[in-house]
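Reading the structure
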Amino acid sequence: MQEPLSDLMAPLRYFVSVPMWAKTALGWMYKYLGDPNTSDFFLCQSTKAIGEQTSTIFVFAIIFDYTDKERTSCSVGVRWIAIAFIVDVQAGVDRVFASRKRLLKKMKDEQVDLILCPATYSPAMPHELPLSVPFPVLFATMLWNAMDFPAGVVPTDKWREEDEAAMDAYEEKGLVEKEIKKGCRNSLGLPLSVQIVAPAFRDEMVMRVMVDLYDSMKKD
């Protein structure tokens, strides 16, 4: 018996079902309306790169399908589609490796050992926020997963009344900012954090800085 899908997944399920051509059209529409963040949100999912990521699903579908004794014409079609996408998967992986190489070179040239950056664009967020705008909200963590960089998050403060009041002046340039602003509301007492990131195999350095930062925050 399959476990029922949570209602929180409804926005994400609906978004995934939107055809690629519609996402592309929405992206260019928001670009024309002067909303670059929402435009990027739609366009980044209608590119070839997203096809490369999702194509792994088709690859697994092939393996699973070949274990099925009943092979219909439809399943044969799915297998051929999956085979056609395998090359695109490798192309996407190659681009990730090239991006990682450029980033490592830049860090070495600038003598940067660690990167201190936000963990999220809001305090501890409602469960439904990453499902409504997943890429903009989770970009700060997804990026380092793709780069294969170890990262750690340290709480530094809590959301205060002055932070809540400051949200009144937060400019809503588009749908992304509107959702983030809504996610920040009623967050009094929730933690604010920073993220420490380093190149691969420097996990100990990340943890050392995390401990030092956490201890210094406790003293303050």
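Residues numbered from 1 in each chain as written. Predicted model: local features only at pLDDT ≥ 70, side-chain atom pairs only at ≥ 80, totals over all residues. Heavy atoms only, no water.

Remarks on the packing of helix H2 (residues 20–32) against helix H3 (residues 36–43)
Put simply, the rule is: For helices, the fitted line uses only the C-alpha atoms of the stretch in contact; every axis is such a line through C-alpha atoms, and the angle between N-to-C directions lies from 0 to 180 degrees. Every helix listed is a DSSP run of H or I at least four residues long, and every strand listed is a run of E at least two residues long, numbered separately from the N terminus. Geometric relationships in this document are graded by angle, where less than 35 degrees denotes roughly parallel, more than 145 denotes roughly antiparallel, 65 to 115 denotes roughly perpendicular, and other angles denote oblique. Helix crossings fall into two classes, left-handed where the near helix is turned counterclockwise from the far one by less than a right angle and right-handed where it is turned clockwise. It only takes one pair of heavy atoms within 4.5 Å for two residues to be counted as in contact. Each residue receives one of three labels: charged for Asp, Glu, Lys and Arg, nonpolar for Ala, Val, Leu, Ile, Met, Phe, Trp, Tyr, Cys and Pro, and polar for the others, Gly being one of them.
Where H2 meets H3, the axes come as close as 8 Å, and the angle between the chain directions of the two elements is 165°. In terms of their interaxial angle, H2 and H3 are classed as roughly antiparallel. The two elements H2 and H3 cross, and the hand of that crossing is left-handed. Of the residues in H3, those in contact with Lys23, Thr24, Leu26, Gly27, Trp28, Tyr30 and Lys31 of H2 are Thr38, Ser39, Phe42 and Leu43. Partitioned by chemical class, the residues of the contact of H2 with H3 number five nonpolar, four polar and two charged.

Describing the packing of aromatic side chains
Quick reminder of the rule: In summary, the pairing rule links any two rings of Phe, Tyr or Trp, Trp by its six-membered ring, whose centres are within 6.5 Å, and it sorts them by plane angle into stacked for under 30 degrees, edge-to-face for over 60 and tilted for everything else. Between buried and exposed lies partly exposed: a residue is buried under 20% and exposed over 50% of the maximum accessible area for its type, with that area taken using a 1.4 Å probe on protein chains only.
The full count for this structure, using the stated rule, is one aromatic pair. With a centroid separation of 5.8 Å and an interplanar angle of 15°, the aromatic rings of Trp144 and Phe149 are classed as stacked. On the basis of relative accessible area, Trp144 is assigned to the buried category, the value being 8%. Residue Phe149 is classed as buried on the basis of its relative accessible area, which comes to 6%.

Things to note about the pattern of salt bridges
The line we're drawing: One speaks of a salt bridge when a side-chain nitrogen belonging to Lys or Arg is within 4 Å of a carboxyl oxygen belonging to Asp or Glu.
Evaluated as defined, the whole model comprises seven salt bridges. The closest approach of N and O atoms between Arg160 and Asp157, which form a salt bridge, is 2.7 Å. Residue Asp157 is classed as partly exposed on the basis of its relative accessible area, which comes to 33%. The partner of Glu172 in a salt bridge is Lys181, and the shortest N-O contact between them spans 3.3 Å. Judged by its relative accessible area of 11%, Lys181 falls in the buried class.

Here's the deal with unusual backbone geometry
The residue Gln111 is not glycine, and still its phi comes out positive at about 55°. By the secondary structure assignment, Gln111 is in the loop between helix H5 (73–109) and strand E1 (115–118). Its identity is not glycine, yet Phe201 carries a phi of approximately 70°, on the positive side. Structurally, Phe201 is set in the loop between strand E3 (191–197) and helix H10 (203–219). Phe201 sits in the exposed class, given a relative accessible area of 78%.

Comments concerning the packing of H3 against helix H9 (residues 175–184)
Closest axis-to-axis distance for the H3/H9 pair is 6 Å, and the angle between their directions is 100°. When the axis of H3 is compared with that of H9, the two are roughly perpendicular. Of the residues in H9, those touching H3 at Asn37, Thr38 and Phe41 are Leu175, Val176 and Glu177. In terms of residue class, the contact of H3 with H9 is made up of three nonpolar, two polar and one charged.

Thoughts on the environment of Phe149
In this structure, Phe149 sits in the loop between helix H7 (134–147) and strand E2 (151–158). A C-alpha to C-alpha distance of 6.5 Å links Phe149 and Val197, two positions 48 residues apart in sequence. For Phe149, the residues in contact, after removing those within four places along its chain, are Arg100, Leu103, Leu104, Met107, Trp144, Val197, Ala198, Pro199 and Ala200.

Here's the deal with the sheet that holds E2
Under the convention used in this document: The pairing criterion for strands is at least two bridges between them, as found by DSSP.
Spatial strand order, E1-E3-E2: three strands in an open sheet with antiparallel pairing. Each having just a single partner strand, E1 and E2 make up the two edges of the open sheet. Put simply, the sheet's adjacent strands are angled 30° from each other on average, direction ignored. For E2 and E3, the ladder comprises seven bridges, and the chain directions are antiparallel. Bridged to Asp157 within E3 is Leu192.

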